[in-house]
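Single-letter residue listing:
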Amino acid sequence: MRRGSIPGSTGTVHPLRLLGDPVLHAPCGEATEFGAPLLRLVEDMFASMYAAGGVGLAANQIGVPLRVFVYDCPDDEDVRHLGHLVNPRLVHLGGVEITGPEGCLSVPGVEAGTSRYDEAVLEGVDAMGNESSVTGSGFFARCLQHEYDHLQGTVYTDRLRGLRRYRALRGARKAARDGEGTPRRHASDIV
Ligand SMILES: [Zn+2]
C-alpha cells in the first residue's frame, strides 16, 4: 500500500473459499516473508473483502493458509477501524460475553447468534514485520475474534450448538444448492 492510497485499490479480487473447503478447517501457518509479497497479499485481501461487502477477511478465505487478516469495521460507537494484522496472538479477552448476530463471507446466506467477548486485544506484526497491535470493543471485538478464529481453522458455525448450529448448517447447504452467492441481509455483520 502506498502512503495515502486506498486499501485494496491495487489488489486483485479472489474468489472466496466456502464452508467445507479444507483450507478453512486447518490452522494457518506463520508468515515468514515480509515486505512486498505480504503487502500484495494484504492488498488482494482488501480488494476481495470490499468486493464481497465484508468488514473483515482472513487469508485462508481466499485460499492462502497464512496468519493474516484485514478489517474495515465499525465498533458500537460507529468508529471506523481499518487495518491488517500478521501472525496475531490473542492477548486479552474481556468484558461480558454477548450473543449477537454474526455472519461470514465463507458461509453465504446464513446468520446466527454467536457468543463473543465485548473486548479483545491482539498483538502481532504488520506486513513489513514491524510490531503491531489492535484493540477492539463491541462489534469490532466480535470481528477480531471471528478473524482470529479463521486463522485457527475455526469457522463461527463450529461455535454454534443445538438448534442454532442445525439451522446454520441447513441454511449453508440450502444456499450452496441454490447458488446464492451474495446475500446482504446484514452486510455489516458479515466477516
Ligand atoms: Zn468469516
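Refer to the structure printed above.
Residues numbered from 1 in each chain as written. Predicted model: local features only at pLDDT ≥ 70, side-chain atom pairs only at ≥ 80, totals over all residues. Heavy atoms only, no water.

1. A closer look at the packing of aromatic side chains
No. 1: Counting across every chain of the model gives three aromatic pairs.
No. 2: Taking the centre distance of 5.9 Å and the plane angle of 25° together, the rings of Phe-46 and Tyr-50 count as stacked. Highlighted residues: Phe-46 and Tyr-50, both in helix α1 (residues 36-52), separated by four residues, approximately one helical turn.
No. 3: An angle of 50° between the planes, with centres 6.1 Å apart, marks the rings of Phe-69 and Tyr-71 as tilted. In this pair, the class of Phe-69 matches that of Tyr-71, namely buried.
No. 4: Members of the aromatic cluster, joined through ring pairs, are Phe-69, Tyr-71 and Phe-140. (Phe/Tyr/Trp six-rings, centres within 6.5 Å; stacked < 30°, edge-to-face > 60°. Helix = DSSP H or I, 4+ residues; strand = E, 2+ residues; numbered from the N terminus. Buried < 20%, exposed > 50% of the residue type's maximum accessible area, 1.4 Å probe, protein only.)

2. Topic: the nonpolar core
No. 1: Counting residues in each nonpolar core, the largest one holds 18 residues, and the members touching the most others are Phe-69, Tyr-71, Leu-122, Val-134, Phe-140 and Leu-144.
No. 2: Counting residues per element, the ones that place at least two in this core are β2 (68-74), β4 (111-125) and α2 (138-151).
No. 3: Per element, the largest residue contribution to this core is seven residues, and it comes from α2.
No. 4: Every residue in contact with Tyr-71, bar those within four places of it in the chain, is listed here: Phe-46, Met-49, Val-55, Gly-56, His-81, Leu-82, Gly-83, His-84, Val-134, Phe-140, Cys-143 and Leu-144.
No. 5: Within the second largest apolar cluster, 17 residues are counted, among which are Leu-57, Val-70, Val-86 and Leu-105. (Core = buried A, V, L, I, M, F, W, Y, C linked by side-chain atoms within 4.5 Å. Contact = heavy atoms within 4.5 Å.)

3. Things to note about the pattern of salt bridges
No. 1: Counted by the stated rule, this structure contains 10 salt bridges.
No. 2: Between Asp-178 and Lys-174 there is a salt bridge; the shortest N-O distance is 2.8 Å. Of this pair, Asp-178 and Lys-174 are both found in helix α3 (residues 162-178), four residues apart, which corresponds to roughly one turn of the helix.
No. 3: What makes Asp-178 partly exposed here is its relative accessible area of 49%.
No. 4: Assessed through its relative accessible area of 46%, Lys-174 is described here as partly exposed. (Salt bridge = Lys/Arg side-chain N within 4 Å of Asp/Glu carboxyl O.)

4. Let's talk about α1
Given 3.6 residues per turn, any residue in an α-helix points the same way as the ones three and four places further on.
No. 1: The end-to-end C-alpha distance of α1, which contains 17 residues, comes to 24 Å, matching closely the 24 Å that a straight helix rising 1.5 Å per residue would cover.
No. 2: Three or more residues of α1 are buried, namely Leu-38, Leu-41, Val-42, Glu-43, Asp-44, Met-45, Phe-46, Ala-47, Ser-48, Met-49 and Ala-52.
No. 3: Elements in contact with the buried residues of α1: β1 (56-58), β2 and β3 (80-103).
No. 4: Backbone geometry just after α1 places Gly-53 at a positive phi near 75°. (Expected span 1.5 Å × (residues − 1).)

5. As for the sheet that holds strand β5 (residues 131-137)
No. 1: In space, the five strands of this open sheet follow the order β1-β2-β3-β4-β5, with antiparallel pairing throughout. Every interior strand has two partners, whereas the edge strands, β1 and β5, have only one. Put simply, the sheet's adjacent strands are angled 30° from each other on average, direction ignored. (Pairing = 2+ DSSP bridges. Axes fitted to C-alpha atoms, helices over the stretch in contact; angles between N-to-C directions.)

6. Observations concerning unusual backbone geometry
No. 1: Phi at Asp-78 takes a positive value of approximately 70°, unusual for a residue other than glycine.
No. 2: By the secondary structure assignment, Asp-78 is in the loop between β2 and β3.
No. 3: Accessibility expressed as a relative area gives 65% for Asp-78, which makes it exposed.
No. 4: Even without being a glycine, Asn-87 presents a positive backbone phi close to 50°.

7. Some words on the pairing of β3
No. 1: As judged from the seven bridges shared by β2 and β3, these two strands associate in the antiparallel manner. When the sheet's bridge partners are listed, Phe-69 is paired in β3 with Leu-85.
No. 2: Hairpin connection of β2 to β3: five residues between the antiparallel strands, including Asp-78 at a positive phi of 70°.
No. 3: By the bridge criterion, 13 bridges tie β3 to β4 in an arrangement that is antiparallel. Across the sheet, Leu-90 pairs through a bridge with Leu-122, a residue of β4.

8. A closer look at α3
No. 1: With 17 residues, α3 should cover 24 Å at 1.5 Å per step; its first-to-last C-alpha distance of 24 Å lies within 8% of that length.
No. 2: Every buried residue of α3 is accounted for by Ala-168, Ala-172 and Ala-175. Angularly, the buried residues of α3 cover 70° about the axis, an arc narrow enough to put them on a single face. Looking at α3, the residues exposed on the side facing more than 90 degrees away from the buried face are Gly-162 and Arg-177.
No. 3: On its buried face, α3 is in contact with β4.
No. 4: Once α3 ends, the next one or two residues include Gly-179, with phi positive near 70°. (Arc of directions from axis to C-beta.)

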